[in-house]
Amino acid sequence: MTSESRFLSVYIDRPVSEVYAFASDPANLPRWAHGLGSSAVQEDGVWFVETPAGRAQVTVAPDNEYGVLDQHVITPSGETVYVPLRATADGDGCEVVFTLRRMPGMTDAELERDTALVEADLALLKDLMENA
């Protein structure tokens, strides 16, 4: 099976260490990742976000020096979605790259909707970081 991926990125005029620290904290997800969920709570060391479809579990990559912000999301239906996300230094700022993968059975309209959601999330992250 061949899957389609889209690489969506944004340049943020802030040091990669600051962007990584903010984006790697699951408590901050509702502030910039509206496409993922509207609230985040931690229960017994596990993070959950509230999505339009219900409660989803989110695991963010462990702290690392490489800017890896990958997430594993267990959707309300029980499906696990792997979300590759990276922050890399670029001069005094950084580039954040989100890999959006077409899920099996996803229509063109659903892929376009998810692309727009991710683009909006990255733009919000940029705005939050540059105007903090």
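The rules behind these values
- Residues numbered from 1 in each chain as written.
- Predicted model: local features only at pLDDT ≥ 70, side-chain atom pairs only at ≥ 80, totals over all residues.
- Heavy atoms only, no water.
- Helix = DSSP H or I, 4+ residues; strand = E, 2+ residues; numbered from the N terminus.
- Rg over C-alpha atoms; globule rule 2.2 N^0.38 Å.
- Contact = heavy atoms within 4.5 Å.
- Areas by Shrake-Rupley, 256 points an atom, 1.4 Å probe, with all protein chains shown as cover.
- Buried < 20%, exposed > 50% of the residue type's maximum accessible area, 1.4 Å probe, protein only.
- Pairing = 2+ DSSP bridges.
- Axes fitted to C-alpha atoms, helices over the stretch in contact; angles between N-to-C directions.
- Core = buried A, V, L, I, M, F, W, Y, C linked by side-chain atoms within 4.5 Å.

Asker: Go over the overall build of the protein with me, naming the residues and quoting the values.
Answerer: Summing up its helical and strand segments, the protein has 3 helices and 8 strands in all. Here the protein has a C-alpha radius of gyration of 14 Å; the compact-globule value for 132 residues is 14 Å, and the two agree. Put simply, of all contacts in the protein between residues at least 6 apart along the chain, 46% involve residues at least 24 apart. By element, 52% of the accessible surface of the protein is carried by carbon and sulfur atoms, the whole surface being about 7400 Å².

Asker: Give me the lowdown on the environment of Ser-39, citing residues and values where you can.
Answerer: Take Ser-39: it is sitting in the loop between helix H2 (29-32) and strand S2 (40-43). Its relative accessible area of 32% is what places Ser-39 among the partly exposed residues. Leave out the neighbours within four places in its chain, and Ser-39 touches Pro-30, Phe-48, Val-49 and Glu-50.

Asker: Any chance you could break down the sheet that holds strand S5 (residues 71-74) for me, citing the residues and the numbers?
Answerer: Within the open sheet, the 5 strands sit side by side as S2-S3-S4-S5-S6. Their pairing is antiparallel. Either end of the sheet is taken by a strand with one partner, and the two such strands are S2 and strand S6 (80-83). For this sheet, the mean inter-axis angle between neighbouring strands, taken without regard to orientation, is 30 degrees.

Asker: For the nonpolar core, give the residues involved together with the corresponding values.
Answerer: Ranked by internal contacts, the top residues of the largest apolar core, which has 31 residues, are Ile-12, Trp-32 and Val-96. Looking at this core, the elements with two or more residues in it are strand S1 (5-12), helix H1 (16-23), H2, strand S4 (54-60), S6, strand S7 (85-90), strand S8 (93-101) and helix H3 (108-130). The element best represented in this core is H3, accounting for 5 residues. Among residues more than four places away in sequence, those in contact with Trp-32 are Phe-22, Ala-23, Leu-85, Asp-121, Leu-124, Leu-125 and Leu-128.

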